[in-house]
Amino acid sequence: VALVQTSIPQDEKWVTSKVRMIYERLTELTGQAQSDPKVELIIWPETALPDDVRNSEHSYALVWSLCTNGTPILTGSLDTAMLDSGEPRYFNSAFLFDAEGRIAGEYDKRHLVIFGEFIPFARWIPARWQAALGLPESISAGEEGSIFLAGKGDVPLAPLICFEDMLAELARADVRAGARLLVNITNDAWYGRTGAPYQFLAITELRSAESRLWTARAANTGISAFIDDRGRTRAATGIFEQAVLVRDVPLAGHGARPTFYVRHGEWLSGLCWAAAALALLAAGRRGPRTSP
C-alpha cells in the first residue's frame, strides 16, 4: 500500500488558480508510488481532488490516466447527486478506482462536522438569509458503511473519512461486515501545528487495537501512517510533509476469530452507565446528609 500526502494548505484547496498545482502534485507523488512494482493500492487523502470527481471531466481524466498505469487508487472527493426536484445533494465521499479507471467502490461520510460540513436547521433558514450570511451549502450524510475490494487478492477494506475514526462503532460494524484492513482518509489542515493531528493519530491507533487489524491512514496535512494490529504506528510522515509512504501490510487470515470487542461491542461502557445509575439511585434513597 502507498499513502500519498499532498500537504495542500487549507486556504489553497478550493482556489481555482491552485487547481493545476494540485493536479501536478498528485501526479508527481502518485508517480513515485507507482515506481515500486509491489504497490497494489494507492491511497489519496480526504477531498484530495479540487472538485467533484464523478462529474468533473478534468479530475476524472487525471485519476483515469494514473489508474491505467496499473495501480488502483482510493481517493477522497466531493460528490453530487441530483434529486427528482432538480436540487443537488452534496456528499463528502471516498471512491475506489480500479486499474481500468472505473469506479469500483464508493462511500459517503456518515457523521458530519457541525458548521464545518453542515449548518444545523438550514432547511428552515430562508434562502435570502443564507445568502446574506454567506452560509455554505450543507453536505448530506451517508447512510451506511462500504466494503471495497482492492489489491491483487480483492482484499476487503473499510474506508472511514476524517473524524469518523473517533467513532468506534463504525469501525466495529465494518469489521463485522468482513473488512480485513481499515483505511482512514483525512485532512487535518484545519488544525495547523497544534496537538490535534497527534491526538487524531492516537485515536486511530485505538481502532486497530480494538479490531486487531492494520490501518492505513492518508492525510492531506496531518500525519499519514501505517498502524499495526496492536495499535502501534509503524511508519509515519511529518505534519506538513509532502510524502509517499509505502509499506507491506499484513492481513488477518480468512476465518480469523474476531476480537472480544468486535464480537460484543461496548458492554463495558454499558456496565459503567448502569453502575453510575445505580449509584445515583442509592444516593437518592439515602437522602441529603445533615450536619451533626
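The numbering scheme is per chain: residues are counted from 1 as the chain's sequence reads. This being a predicted model, a pLDDT of at least 70 is required before a residue's local features are given, and a value of 80 or more before pairs of side-chain atoms are given or counted; all residues contribute to the totals for chains, interfaces and linings. Values shown for side chains rest on all heavy atoms present in the structure; no hydrogens or waters enter the calculation.

Quick look at unusual backbone geometry
Next, step 1: Residues other than glycine seldom take positive phi values, yet Ser 7 does so here, at roughly 55 degrees.
Next, step 2: Residue placement: Ser 7 occurs in the loop between strand 1 (2-5) and helix 1 (19-34).
Next, step 3: The buried label applies to any residue whose accessible area, calculated with a 1.4 Å probe on protein chains only, is under 20% of its type's maximum; exposed applies above 50%, and partly exposed to all values in between. For Ser 7, a relative accessible area of 9% gives the class buried.
Next, step 4: You will see that Thr 47, though not glycine, has its phi angle at about 40 degrees, which is positive.
Next, step 5: On the basis of relative accessible area, Thr 47 is assigned to the buried category, the value being 7%. Helical segments are the DSSP runs of H or I of at least four residues, strand segments are the runs of E of at least two, and each set is numbered from the N terminus.

Looking at the pairing of strand 1
Next, step 1: Neither face of strand 1 is left uncovered, since the one carrying Ala 2 and Val 4 and the one carrying Leu 3 and Gln 5 both have all their residues buried.
Next, step 2: Looking at chain direction, strand 1 and strand 2 (residues 42-43) are connected through two bridges and run parallel. Bridge pairing in strand 2 places Ala 2 opposite Ile 42.
Next, step 3: Two strands qualify as a pair provided that DSSP identifies no fewer than 2 bridges between them. As paired strands, strand 1 and strand 12 (residues 243-246) are joined by four bridges and run antiparallel to one another. Residue pairing across strands places Leu 3 opposite Leu 245, the latter belonging to strand 12.

What to know about the pattern of salt bridges
Next, step 1: Salt bridge, as used here: a side-chain nitrogen of Lys or Arg that lies within 4 Å of a carboxyl oxygen of Asp or Glu. What the rule picks out here adds up to nine salt bridges.
Next, step 2: Its salt-bridge partner being Asp 98, residue Arg 102 comes within 3.1 Å of it at the nearest N-O pair.
Next, step 3: The exposure class of Arg 102 is partly exposed, given its relative accessible area of 46%.
Next, step 4: On the basis of relative accessible area, Asp 98 is assigned to the buried category, the value being 17%.

Some remarks on the pairing of strand 5 (residues 103-108)
Next, step 1: Inspection of the sheet shows strand 4 (residues 88-97) paired to strand 5 by five bridges, in the antiparallel sense. Bridge assignment links Ala 94 to a residue of strand 5, and that residue is Tyr 107.
Next, step 2: Turn length for the strand 4-strand 5 hairpin, with the two strands adjacent in sequence and antiparallel, is five residues, and the turn residue Gly 101 shows positive phi of about 80 degrees.

Focus on the environment of Glu 117
Next, step 1: Here Glu 117 shows up in the loop between strand 5 and helix 3 (127-133).
Next, step 2: Here Glu 117 falls in the buried class, since its relative accessible area comes to 11%.
Next, step 3: Every residue pair with non-hydrogen atoms within 4.5 Å of one another is taken to be in contact. The residues contacting Glu 117, other than those within four sequence positions of it, are Glu 46, Asn 92, Lys 109, His 111, Leu 112, Glu 137, Ser 138 and Ile 139.

Concerning the sheet that holds strand 7 (residues 155-161)
Next, step 1: As summarised here, the arrangement of the six strands in space is 6-7-8-9-10-11, forming an open sheet in which the pairing is mixed. The outermost strands of the open sheet, each flanked by one partner alone, are strand 6 (148-150) and strand 11 (233-236). Direction aside, the axes of adjacent strands within the sheet are offset by 25 degrees on average.
Next, step 2: Inter-axis angles, ranging from 0 to 180 degrees, are taken between N-to-C directions of lines fitted to C-alpha atoms, where helices are fitted over the stretch in contact. Against the sheet, helix 4 (residues 168-176) touches strand 7 and strand 8 (181-186), its axis set at about 165 degrees to strand 7.

Remarks on the environment of Lys 38
Next, step 1: Assignment of secondary structure puts Lys 38 in the loop between helix 1 and strand 2.
Next, step 2: Its relative accessible area of 54% is what places Lys 38 among the exposed residues.
Next, step 3: Once the C-alpha coordinates of Lys 38 and Gly 70 are considered, the two residues, 32 residues apart in sequence, prove to be 11 Å apart.

A few points about the packing of aromatic side chains
Next, step 1: Each pair of aromatic rings taken from Phe, Tyr and Trp, with Trp reduced to its six-membered ring, is defined by centres within 6.5 Å and is described as stacked if the planes are under 30 degrees apart, edge-to-face if over 60, and tilted in the remaining cases. Overall, the coordinates contain four aromatic pairs when judged by the stated rule.
Next, step 2: For the ring pair Tyr 60 and Phe 97, a centre distance of 5.6 Å and an interplane angle of 75 degrees mean the geometry is edge-to-face. One end of the pair, Tyr 60, is in helix 2 (residues 57-67); the other, Phe 97, is in strand 4, with 37 residues separating them in the sequence.
Next, step 3: Between Phe 95 and Phe 97, the aromatic rings sit 6.3 Å apart at their centres with planes inclined by 50 degrees, giving tilted as the arrangement.
Next, step 4: Here the aromatic cluster, defined as three or more aromatic residues joined through ring pairs, consists of Tyr 60, Phe 95 and Phe 97.
Next, step 5: Above the plane of the ring of Trp 14 lies Lys 13, whose end atom (NZ or CZ) is 5.4 Å from the centre. Here, a charge over a ring is recorded when the distance from Lys NZ or Arg CZ to the ring centre is within 6 Å and its angle to the ring normal is within 35 degrees.

Points about the side chain of Gln 5
Next, step 1: Within the fold, Gln 5 resides in strand 1.
Next, step 2: Polar contact is defined as a pair of N or O atoms within 3.5 Å, subject to the rule that within protein one atom must be able to donate a hydrogen and the other to accept it, and that residues adjacent in sequence are counted only when both atoms are side-chain atoms. One polar contact links the side chain of Gln 5 to the main-chain carbonyl oxygen of Gly 238, over a distance of 2.9 Å.

Coordinates in, geometry out; function isn't part of it.
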